[in-house]
Amino acid sequence: MSNVFSFTGTVGRDAEVRYLPSGQAVLNVTVANNIGFGDKQQTLWIRCAIWGKRAEGQLQNYLKKGQQVFVSGELSQSEYRAQDGSTKTSLELNANIIDLVGKRNESNQAPQQNYQPSQPSAPQSPSHDNFDAPYDDDIPF
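Below: a short report on this structure. (Residues numbered from 1 in each chain as written. Predicted model: local features only at pLDDT ≥ 70, side-chain atom pairs only at ≥ 80, totals over all residues. Heavy atoms only, no water.)

## Things to note about the layout of surface pockets
As a volume, the second largest pocket reaches approximately 160 Å³. Surrounding the second largest pocket, Val26, Asn28, Arg47, Cys48, Ala49, Trp51, Glu74, Ser76, Glu92, Leu93 and Asn94 form its lining. Sorting the residues of the lining of the second largest pocket by element identifies β3 (25-35), β4 (42-51), β5 (68-81) and β6 (87-101) as the ones contributing at least two each. The dominant element in the lining of the second largest pocket, judged by the number of residues it contributes, is β4, at four residues. (1 Å grid on protein atoms, 1.4 Å probe; cavity = no way out; pocket = protein on both sides within 12 Å on 5 of 7 lines; lining within 4 Å. Points joined across faces, edges and corners; volume = space filled by probe spheres on them. Helix = DSSP H or I, 4+ residues; strand = E, 2+ residues; numbered from the N terminus.)

## Thoughts on the pattern of salt bridges
Counted under the stated rule, the structure contains two salt bridges. For Glu16, the salt bridge is made with Arg18, and the minimal N-O distance between the two is 3.2 Å. For Arg18, a relative accessible area of 47% translates into the label partly exposed. A salt bridge links Arg47 to Glu92; the nearest nitrogen and oxygen atoms lie 3.0 Å apart. Of this pair, Arg47 sits in strand β4 while Glu92 sits in strand β6, and the two are 45 residues apart along the sequence. (Salt bridge = Lys/Arg side-chain N within 4 Å of Asp/Glu carboxyl O. Buried < 20%, exposed > 50% of the residue type's maximum accessible area, 1.4 Å probe, protein only.)

## Some details on the pairing of β5
One ladder, built from six bridges, connects strand β1 (residues 5-11) with β5; its direction is antiparallel. When the sheet's bridge partners are listed, Thr10 is paired in β5 with Gln68. By the bridge criterion, 14 bridges tie β5 to β6 in an arrangement that is antiparallel. Of the residues in β6, the one forming a bridge with Tyr80 is Lys88. If you look at the hairpin formed by β5 and β6, you'll find five residues sitting between the two strands, and Gly85 has a positive phi there, around 95°. (Pairing = 2+ DSSP bridges.)

Quick look at the structure:
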């Protein structure tokens with residue numbers, strides 16, 4: 001059975017690289033994905049991780065707050081108890097692909113690059129700068 005989850009979203013805070021006691025690197029980034037339309041729109045926050053050599057590269061320098069990304073990998077869900085005693089759910093993605101899409105923030109002057117392991121770089125698609133605006137398209141489904 002295959003568990004592959006792919007989505008586009010916006011980086012919620014700058015990516016961090018940490019090292020396990022074994023020396024293995026892990027890059028962590030949280031990505032927001034808006035689902036639904038109008039008053040029923042919700043934001044899903046998905047914690048994404050890339051492991052090993054890919055985490056040690058320059059990708060951390062490009063995953064800054066506000067950057068649009070395409071992410072694909074294996075999705076898992078876990079529950080935890082919050083400080084107020086309630087049970088919360090966390091979505092976590094063991095990422096195989098993180099690809100930068102859209103425009104960079106004005107404060108980030110580094111050149112735009114795509115990062116996609118083991119696959120050739122795909123052309124970038126145009127983006128919408130206003131994430132909060134509702135869609136005006138007539139969607140038939």
